[in-house]
Amino acid sequence: MAEDSTALPTQLAAATLIDVASSSPVESLKAEFSDRVPIRSIISRPDGGAGLAGQRVRVGGWVKTGRKADKDAFAFLELNDGSCPGNLQVIVDAAVADLSPLVPTGTCVAVDGVLKLPPAGTRQKVELRVEKVIHLGQVDPAKYPLPKTRLTLERLREHVHLRSRTNTIAAVARIRNALAYATHTFFQKHGFLYVHTPIITTSDCEGAGEMFQVTTLISEADRLEKDLINNPPPSAADIEAAQLVVKEKGDIVAQLKSAKAEKNEISASVSELKIAKENLARLEERSKLKPGLPKKDGKIDYTHDFFARQAFLTVSGQLQVESYACALSSVYTFGPTFRAENSHTSRHLAEFWMVEPEIAFAELKDDMNCAEAYVRFLCQWLLDNCLDDMEFMADKFDKTCIERLRMVSSTPFERISYTEAVELLEEAVKNGQKFENKSVKWGIDLASEHERYLTEVKFQKPVIVYNYPKDIKAFYMKVNDDCKTVAAMDVLVPKVGELIGGSQREERYEVIQQRIQEMGLPLEPYEWYLDLRRYGTVKHSGFGLGFERMLLFATGIDNIRDVIPFPRYPGRADL
Ligand code: 4AD
Ligand code: MG
């Protein structure tokens, strides 16, 4: 069984509402920092809100659908405030407000009213009869980009700033939030310290050269180019003239000194000389300015750059978090990472979030145990805390997503070596299984279709593949005694393929130094990292879970661009 997860505070609050319902329900229902009652605390009660009938509440939200009824005597509004997937039915009498501006989809309203039991036979357990409209944020239905009819997720990406108003993206946002909370809960419960690793770095963790460069050289070169157009550099004649002025002023100082002139007369001429020299220096400096990037020996001279060297956006916080693990033992980082790989797949983003624990005094087996416990905890957490949103996903996107969470939270993962994985794939090919990628043989990097075959077809559960050939893995992985493989592991899950990549780290100074060189990487940016092996080295292990991949796995959504609020991918970084 997966570990018990702790209930979310919102749910604890919802549970206690029942107890206080008889005393002062509305006060206890109110949002803590807003003068309204979240719709969740009304309709997500076990009684669907029926027990609150008769209570006066203020609610706010956006109209999902609105219509006038009974010859325009009333308007029915389905109101959603994002606190849960469900809507509250709100009824406004024409005597209370002008109904026309209230009904368009997307309108924002805040209203005061009384909760009432609806007529028997209706779906909702409670509805709100409005007494006063407090706020109205109007929408011109002819212009509003989100029509009542469902847009595809692909089309919604054209309105990324408004798509959080849709049921799907709102559900994904709540599931994403729950997974982030569950992540911190899991690691904090197990004694890990949360470490903030930098986003700007000078070392390529994966050594794959897929980094975005961080530089001010280009904007500086642009600025200089404009400046030189408006204010051209001095000519040789300008410099000569300035040199002449310096000479003249120098002569005057010399004459005054030899004539033993008054002290203040000398110092006045010395000041003039100083000004002339400064002017000359300025002109000489400007005359050296050349448009374009600063160069030295034909290469870009990064000593002029902001950080006085080449810098990049991090591809992983691992190297830095290792330095904290080698002092604080069990740590994790959770932040954005960046990869400039030009992949247009449904599994890759240029900016994605990664959860990276790092454990000192731990070997590959401990690492696998941690990864398995963490993923199972996440699944159980969603079942315990996000079932309403998961039911929505099951209904609209992936019938099997809840079943998948149940299976993963309760099933031990399969563990096979890379060599065994290749044997299984070879066997599958022999039995007629077709793969698009190059032929399967020992030494290849497993393609996504191979990974998915193993987890979806062969084992039908998560699979951990370990001990990969060292030539296809990063330099920091521990070289096994066979000298051919490294103590790496990938967790493969149905629907996604690779969810986690991790390894035991090479703790032997000579070996890791050699590995960096073997991979053709420069040693200098890794010198600080090698210090962790030079001084007080320790056996340690860690992994990285792609947070958006976890969301794909949980929700059943097909494209990774729909599970991050503002996706960045080749050709797209708007908003
Ligand atoms: O396997 P990766 O490259 O491992 C690392 O970065 C290690 N430094 C982690 C560690 O040991 N601390 O990436 C880890 C995970 C992958 O398994 C995948 O889930 C996800 O990050 N990932 C991506 N997710 C979205 N878009 C991309 N471009 C991704 N690249 C990797
Ligand atoms: Mg990987």
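Residues numbered from 1 in each chain as written. Chains lettered and ligands numbered in written order. Predicted model: local features only at pLDDT ≥ 70, side-chain atom pairs only at ≥ 80, totals over all residues. Heavy atoms only, no water.

For the chain, the name recorded in an unreviewed UniProt entry is asparagine--tRNA ligase, with Quercus lobata as its organism. Quoted verbatim from the Sequence similarities (unreviewed entry) field of UniProt, the annotation for the chain is "Belongs to the class-II aminoacyl-tRNA synthetase family." For the chain, the Catalytic activity (unreviewed entry) comment in UniProt is given as "tRNA(Asn) + L-asparagine + ATP = L-asparaginyl-tRNA(Asn) + AMP + diphosphate + H(+)". (UniProt positions renumbered as here; feature names shortened; annotations may be inferred.)

## What about the UniProt feature "coiled-coil region" (unreviewed entry) in the chain?
Per the UniProt entry, the sites bearing "coiled-coil region" (unreviewed entry) are residues 256-286 in this numbering. As annotated, residues 256-286 comprises 87% helix and 0% strand, and the C-alpha atoms at either end are separated by 32 Å. (Helix = DSSP H or I, 4+ residues; strand = E, 2+ residues; numbered from the N terminus.)

## Comments concerning the sheet that holds strand β2 (residues 74-80)
Sheet architecture is closed into a barrel: five strands sit in the order β1-β2-β3-β5-β4, paired in mixed fashion. Here the strands of the sheet are splayed against their neighbours by 55 degrees on average, with no regard to which way each runs. Pairing geometry for strand β4 (residues 108-116) and strand β5 (residues 127-137), over nine bridges, is antiparallel. What sits directly across from C108, in β5, is G137. (Pairing = 2+ DSSP bridges. Axes fitted to C-alpha atoms, helices over the stretch in contact; angles between N-to-C directions.)

## So, the site of ligand 1
The full set close to ligand 1 counts 25 residues, and E206, Q318, R339, E356 and E498 are the nearest of them. Interatomic distance of 3.4 Å between a backbone N/O atom of F543 and a nitrogen atom of ligand 1. Taking 620 Å² as the accessible area of ligand 1 by itself, protein coverage stands at 93%. Counting residues per element, the shell around ligand 1 draws most heavily on strand β17 (residues 497-504), at five residues. (Near = heavy atom within 4 Å. Polar contact = N/O pair within 3.5 Å; in protein donor to acceptor, adjacent residues only side chain to side chain. Areas by Shrake-Rupley, 256 points an atom, 1.4 Å probe, with all protein chains shown as cover.)

## Brief notes about the sheet that holds strand β8 (residues 213-214)
Taken in spatial order, the three strands of this open sheet run β7-β11-β8, and their pairing is antiparallel. If you trace the sheet from one side to the other, it starts and ends with β7 (200-201) and β8, each paired once. Where β7 lies against strand β11 (residues 311-313), two bridges are found, and the strand directions are antiparallel. Across the sheet, the residue bridging to T201 is F312, located in β11.

## A short note on the packing of helix α5 (residues 167-189) against helix α17 (residues 547-555)
Two numbers describe how α5 lies on α17: the axes approach to 11 Å, and their chain directions differ by 120 degrees. Taken together, the axes of α5 and α17 lie oblique to each other. Taken as a pair, α5 and α17 cross one another with a handedness that is right-handed. Here V172, I175, R176, L179, A180 and T183 of α5 come into contact with α17, specifically with F547, E548, M550, L551 and T555. Of the residues assigned to the contact of α5 with α17, the class counts are seven nonpolar, two polar and two charged. (Parallel < 35°, antiparallel > 145°, perpendicular 65-115°, else oblique. Left-handed = near helix turned anticlockwise from the far one by under 90°. Contact = heavy atoms within 4.5 Å. Nonpolar A, V, L, I, M, F, W, Y, C, P; charged D, E, K, R; others polar.)

## Some thoughts on the domain arrangement of the chain
Split by domain assignment, the chain resolves into domain 1 (17-144), domain 2 (169-213 + 310-562) and domain 3 (215-304). Just the C-alpha atoms count here: the centres of domain 1 and domain 3 sit 72 Å apart. (Domains from an automatic or database assignment.)

## Observations concerning the side chain of R176
Considering the arrangement of structural elements, one finds R176 in helix α5. Note on R176: relative accessible area 13%, which makes it buried. Sequence-distant contacts of R176, defined by excluding residues within four places in its chain, comprise W353, F547, E548, L551, V563, I564 and P565. (Buried < 20%, exposed > 50% of the residue type's maximum accessible area, 1.4 Å probe, protein only.)

## Comments concerning the UniProt feature "domain: WHEP-TRS" (unreviewed entry) in the chain
Taken from the UniProt record, the annotation "domain: WHEP-TRS" (unreviewed entry) applies to residues 238-294. As annotated, residues 238-294 has a helix share of 81% and a strand share of 0%, and its two end C-alpha atoms lie 24 Å apart.

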